[in-house]
Amino acid sequence: MVTLMSETSAAVALRLAAPQLRRRCDLSAAGFATTDELQEPDGILAQARAVDAIRFGIGMRSDGYNLFAMGPDGHGRHTTVRNLLAERAAREPLPSDWCYVFNFETPHRPLRLDLPAGRALQFRQDMQRLVEDLQAGIPAAFETDEYRARRQEIETEFNERQEQAVSAVGEKARSGGIALLRTPSGFAFAPMHKDGVMEPDKFRTLPAEEQKRLESAIATLQAELEKVIEDVPKWRREAQRKLRELNRQVTRSAVASLLEDLRNDWGALPQVRQYLARVQEDVLDHAEHFRQPKEGEQPTLFGIPMPRSETGESPLRRYQVNVLVEHSKSQGAPVVYEDNPNYGNLIGRVEHIAQMGTLLTDFTLIKAGALHRANGGYLVLDALKLLMQPFSWDMLKRALRSREIRAESPAQAYSLISTVSLEPEPIPLDVKVVLVGERYIYYLMHAYDPEFRELFKVPSDFEEDTERGEGTELAHARVIATLARREKFRPLERAAVERVIEHQAREAGDAERLSLHLRGLVDLLRETDFWAADAGRTVVTSADVTRALQAREDRLDRVRDRMLQETLRGTLLVSSAGERVGQVNGLAVLQLGGFAFGMPNRITARVRLGGGKVVDIERETEMGGPIHSKGVLILSGFLSGRYAVRQPLSLAASLVFEQSYSGVEGDSASSAELYALLSALAEAPLRQSLAVTGSVNQHGDVQAIGGVNEKIEGFFDLCSARGLDGSQGVVIPAANVKNLMLQDRVIEAVKSGQFHLYAVETVDQGIEILTGLPAERVNQRVEERLLDFARRARAPAVTEKKRSWRGRPEK
């Protein structure tokens, strides 16, 4: 074993033993060989707080008690919410079916119908059958001899009345020697000669008095004829009225019996009873819609074409029933998840059809949204997706406040257009909404949206990890078994389960806790199953789990490998041997694409007489984050509070992460920066075979940091690539020992004495390990150096010659 610097007995005592570096999982007491022998877990693993909140929220029926399930993605929020909602919904009654029907009084405002659950489709079929029966029954009623005779009587009466009036004028004209002529363009009067019409030449030969008499008589007759012609439309309208009354009588007799059956079936529902009464009146008024003319013909009334539907569609669409939501095949209250919560998908929409270059719509084109489908039950939405959709969040709040659903476009809701469109009658809303999202979304909405606080009063906070113990390890094993069976993976042997549980502790970043990231767990089991199949095994072994983890790391570690290679080639300067004043190896964690790895960085410090300022070069160049800058400022507090406390701090120091070309954030390197600073002040070299991590406070206590496993392994890989000699190691905070879940390669090196880990609680312990000197001696040197700076700062007029950087007097 090679040692470059002797270690104090106190430093040796701070070394960690191999068993402290990884907490092994032992399920031998559980008595199972493979996961096939394990039962499903009781309830939901380690989410008691979240589950209780969800059950309270869905049980509280008062307004505003909607839920927000918050927590990181992949921890079973959606699955847990849906399972609990489905369990509750199965015990609740089915909600009503909802339909839209034509409003005969105000066509652009369709009417809603609230029908018992599962009966909407039957009502639509009954209305379709009614229309079919009317299409057959009404024409048949109009084909009877009695109707034809009565219609002929009305038409004959009209024709005779018209003919008699015209004939009376003709007879009067004939008695005066004037003939009434019928021409293609109408009626005309002309003087008679003998039995024919007088020729114009003959008329001009008549005496002037005779001509005037005939002209006067013709004018009088024309006035009488015009009066008769003016009365003809009135007589026609009277005949039409009689004919319509006849048609109503005939139609009523045909419709009454058909509607009677519907009234008997649906009469218990007041809304339907009123609607059927309106249907009957409309059928009586529009009986001609049911009388189909022969092909190529257009229906007429007294020779006048009857109007067709303005849209070119069948006028019988008005009797259709638009079933918006029905529950004929449902059991219990609905549980709806809307993956794309845009405005139309949530509140429904009114569709249009293109016809002759125009967009047309009617009540049959009203489509249901997620709120309609979830009405009377539960609606689950992703909070981030909801907020990203224009107008959706405001619309949802408006619907929950008003407790009704208005199917309207955003342009209508916000008065952006003034065109005529449908205004469907609002549907009463009774729904429990569950939003699922990250914690920051909940806290931001709670802070900045007062309506959110009123509408979503129940937060359900999901845990990210759970305590690790024998009971939770076995429960975790049962979860693994359940997932393997559900996804149809191969069973896992006990050693493989133990290896997976150890990895879950590594994912939690804590040997005493287990990660609850179920999506990551399923992915690991899926990859493990693949490698077991590749090896031709029917049972997954521990080696398959290790291979899956290694393969995943190999797929993601290109950047780490390149940085390690550049360090080995000397492009990135990091020492792993020797000693140097004011220089230490710090450790940082890089996270790229879900893969985190540790890399060592050289940290250097320079000191001189100055005004008591510790310069953070990262901050001065705006490359340091606020937390990192705070950590550096703490160093000034530590120095001024411990050393030369009765003297002003007359120090000018600079600290820098060498070869750092991107931002630096976090305070986990503050202890390393302090060691470099103390080394520079005490002129005590630091071991370059060690790397350091940990934050520090103003009292010199070393505090816990994150990513301790990745940091240790990052420096270990560099040392291993250069060759382990027994002098290398990492100094970590003692508070992080409980977080250690190191890989086997590191543990084996520690076990064989080729690599060491030191757990320190104070800066004094750390400086003793790094310098090989007692902490008291290092502190004394620092004190003397700072007192010297203070003395020199008080005597600026000393006549000592200035010296050059080489130490020779300047000329």
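Residues numbered from 1 in each chain as written. Predicted model: local features only at pLDDT ≥ 70, side-chain atom pairs only at ≥ 80, totals over all residues. Heavy atoms only, no water.

A. Representation of the environment of phenylalanine 716. Among the structural elements, phenylalanine 716 can be located in helix 24 (residues 708–722). A relative accessible area of 3% means that phenylalanine 716 is categorised as buried. Spatially, the C-alpha atoms of phenylalanine 716 and glycine 598 are 9.7 Å apart, while their sequence positions differ by 118 residues. Sequence-distant contacts of phenylalanine 716, defined by excluding residues within four places in its chain, comprise Leu724, Arg745, Val746, Ala749 and Phe755. (Helix = DSSP H or I, 4+ residues; strand = E, 2+ residues; numbered from the N terminus. Buried < 20%, exposed > 50% of the residue type's maximum accessible area, 1.4 Å probe, protein only. Contact = heavy atoms within 4.5 Å.)

B. Geometry of the packing of helix 4 (residues 120–141) against helix 7 (residues 208–266). The geometry of helix 4 relative to helix 7 is characterised by a closest axis approach of 9 Å and an angle of 160° between their N-to-C directions. By the angle between their directions, the pair helix 4 and helix 7 is classed as roughly antiparallel. Here helix 4 and helix 7 pass one another in a crossing that is right-handed. Between helix 4, through Gln122, Phe123, Asp126, Met127, Leu130, Asp133, Leu134, Gly137, Ile138 and Ala141, and helix 7, the contact on the second element is made entirely by Val250, Thr251, Ala254, Val255, Leu258, Leu259, Leu262 and Trp266. (Axes fitted to C-alpha atoms, helices over the stretch in contact; angles between N-to-C directions. Parallel < 35°, antiparallel > 145°, perpendicular 65-115°, else oblique. Left-handed = near helix turned anticlockwise from the far one by under 90°.)

C. The arrangement of helix 16 (residues 470–486) in detail. In this model helix 16 runs 24 Å from its N-terminal to its C-terminal C-alpha over 17 residues, within 8% of the 24 Å that 1.5 Å per residue would give. For helix 16, the complete set of buried residues consists of Glu473, Ala475, His476, Ala477, Arg478, Val479, Ile480, Ala481, Thr482, Leu483 and Ala484. Against helix 17 (494–508), strand 21 (513–515) and helix 18 (518–534) lie the buried residues of helix 16. Lysine 488 lies just past helix 16 and shows a positive phi near 60°. (Expected span 1.5 Å × (residues − 1).)

D. Just the sheet that holds strand 9 (residues 322–325), in detail. Taken together, 3 strands build an open sheet; the order of strands is 3-2-9 and the sheet is antiparallel. Either end of the sheet is taken by a strand with one partner, and the two such strands are strand 3 (111–115) and strand 9. Neighbour-to-neighbour, the strand axes of the sheet open up by a mean angle of 30°, direction not taken into account. Note that strand 2 (residues 97–101) and strand 3 share 5 bridges and pair antiparallel. Among the inter-strand pairings, cysteine 99 is bridged to a residue of strand 3, identified as leucine 113. (Pairing = 2+ DSSP bridges.)

E. Structural detail: the pattern of salt bridges. Per the counting criterion, the structure on display carries 51 salt bridges. Measuring nitrogen to oxygen at the nearest pair gives 3.8 Å for the salt bridge that ties glutamate 238 to lysine 242. Of this pair, glutamate 238 and lysine 242 both sit in helix 7, 4 residues apart, which is roughly one turn of the helix. We classify glutamate 238 as partly exposed; its relative accessible area is 29%. Classification of lysine 242 as partly exposed rests on a relative accessible area of 25%. The closest approach of N and O atoms between arginine 785 and glutamate 683, which form a salt bridge, is 3.6 Å. (Salt bridge = Lys/Arg side-chain N within 4 Å of Asp/Glu carboxyl O.)

F. Broad picture of the nonpolar core. If you look at the biggest cluster of nonpolar residues, it comprises 57 residues, and the most contacted ones within it are Phe123, Met127 and Tyr319. If you list the elements that add at least two residues to this core, you get strand 2, strand 3, helix 4, helix 5 (145–175), helix 7, helix 8 (270–285) and strand 9. The dominant element in this core, judged by the number of residues it contributes, is helix 7, at 13 residues. Residue contacts for tyrosine 319: discarding those within four places in its chain leaves Phe104, Met127, Val131, Tyr275, Val279, Asp282, Val283, His286 and Phe290. (Core = buried A, V, L, I, M, F, W, Y, C linked by side-chain atoms within 4.5 Å.)

G. Inspection of the side chain of serine 668 at higher detail. Tracing the backbone shows serine 668 in the loop between strand 26 (651–657) and helix 23 (670–682). The exposure class assigned to serine 668 is buried, which follows from its relative accessible area of 16%. A polar atom in the side chain of serine 668 sits 3.0 Å from the side chain of lysine 711. With sequence-adjacent residues up to four places away left out, serine 668 is seen in contact with Leu587, Thr693, Gly694, Ser695, Ile705 and Lys711. (Polar contact = N/O pair within 3.5 Å; in protein donor to acceptor, adjacent residues only side chain to side chain.)

H. Structural context of helix 8. An ideal rise of 1.5 Å per residue puts 22 Å on 16 residues; helix 8 measures up with 23 Å between its terminal C-alpha atoms. For helix 8, the set of buried residues is Val272, Tyr275, Leu276, Val279, Gln280, Asp282, Val283 and Leu284. In this structure, the buried residues of helix 8 make contact with strand 2, strand 3, helix 4 and helix 7.

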